[in-house]
Amino acid sequence: MAAELNQAGLEALAQQLGERLLARGWMLATAESCTGGWVAQCLTAIAGSSAWFERGFVTYSNAAKMDMLGVAERLLEKHGAVSEPVARAMAQGAVAHSRAQWSLAITGIAGPTGGSAEKPVGMVCFAWASPDGGCTACTRYFDGDRAGIRRQAVAFALEGLLLQLEK
């Protein structure tokens with residue numbers, strides 16, 4: 001991971017992201033579960049971020065994912081909240097329920113409890129929705145304690161969107 005995993009490193013990523021979004025006249029929305037709004041906090045730490053950060057959704061519960069982002073209950077039942085299909089639905093829902101052109105979504109198991117053999121602590125699913133209607137998703141497995149897993153997830157989400165903007 002290129003970013004230093006401290007708050008200054010995360011904010012430096014947010015600054016880069018903001019510059020790229022602003023240069024293209026795009027807005028961003030976030031949909032966060034296990035990171036609890038940490039991505040939005042990094043983005044809003046940047047002065048002037050209101051020019052490119054439209055809103056953030058903290059959808060920690062399944063009910064919030066359904067109510068705020070329109071994630072289908074059957075999708076949650078079939079795949080579970082921590083899955084790429086749900087991350088995609090969260091990202092697409094963030095665009096649909098905002099004025100943003102881009103979104104990023106994070107859903108995972110930060111621990112120390114809640115993991116299983118199939119979905120261990122440290123498993124985090126990400127998705128990025130683009131203005132053309134595309135949506136890319138992936139899953140990563142992070143090591144460390146709860147704070148470390150969440151911090152790595154924030155960095156990966158920001159870096160992932162920077163990569164998406166380069167395409």
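Residues numbered from 1 in each chain as written. Predicted model: local features only at pLDDT ≥ 70, side-chain atom pairs only at ≥ 80, totals over all residues. Heavy atoms only, no water.

Q: Run through the sheet that holds strand S2 (residues 53-58), naming residues and quoting values.
A: Ordered by their spatial adjacency, five strands build an open sheet running S2-S1-S3-S4-S5, and the pairing between neighbours is mixed. Each of the sheet's edge strands pairs with one partner strand only, and the pair in question is S2 and strand S5 (135-141). In this sheet, adjacent strand axes meet at a mean angle of 15° when their direction is disregarded. Taken together, the five bridges between strand S1 (residues 28-32) and strand S3 (residues 102-108) define a ladder with parallel strand orientation. Each bridged residue has a counterpart across the sheet, and for Glu 32 the counterpart in S3 is Ile 106. (Pairing = 2+ DSSP bridges. Helix = DSSP H or I, 4+ residues; strand = E, 2+ residues; numbered from the N terminus. Axes fitted to C-alpha atoms, helices over the stretch in contact; angles between N-to-C directions.)

Q: Just give me the short version of the side chain of Thr 59, but keep the residues and values in it.
A: Mapping Thr 59 onto the fold places it in the loop between S2 and helix H3 (62-69). On the accessibility criterion, Thr 59 (0% relative accessible area) is buried. The contacts of Thr 59, once residues within four sequence positions are left out, are Glu 32, Ser 33, Ala 64, Lys 65, Met 68, Leu 69 and Met 90. (Buried < 20%, exposed > 50% of the residue type's maximum accessible area, 1.4 Å probe, protein only. Contact = heavy atoms within 4.5 Å.)

Q: Give a description of the packing of aromatic side chains that names residues and reports values.
A: Counted by the stated rule, this structure contains six aromatic pairs. On the basis of an interplanar angle of 50° and a centroid distance of 4.7 Å, the ring pair of Phe 126 and Phe 156 is categorised as tilted. Taken together, the positions of Phe 126 in strand S4 (residues 123-129) and Phe 156 in helix H6 (residues 146-166) put the pair 30 residues apart, joining distant regions of the chain. Put simply, the rings of Phe 126, Trp 128, Phe 142 and Phe 156 touch in pairs and so form one group of aromatic residues. (Phe/Tyr/Trp six-rings, centres within 6.5 Å; stacked < 30°, edge-to-face > 60°.)

As far as function goes, none of this settles anything; it's purely spatial.
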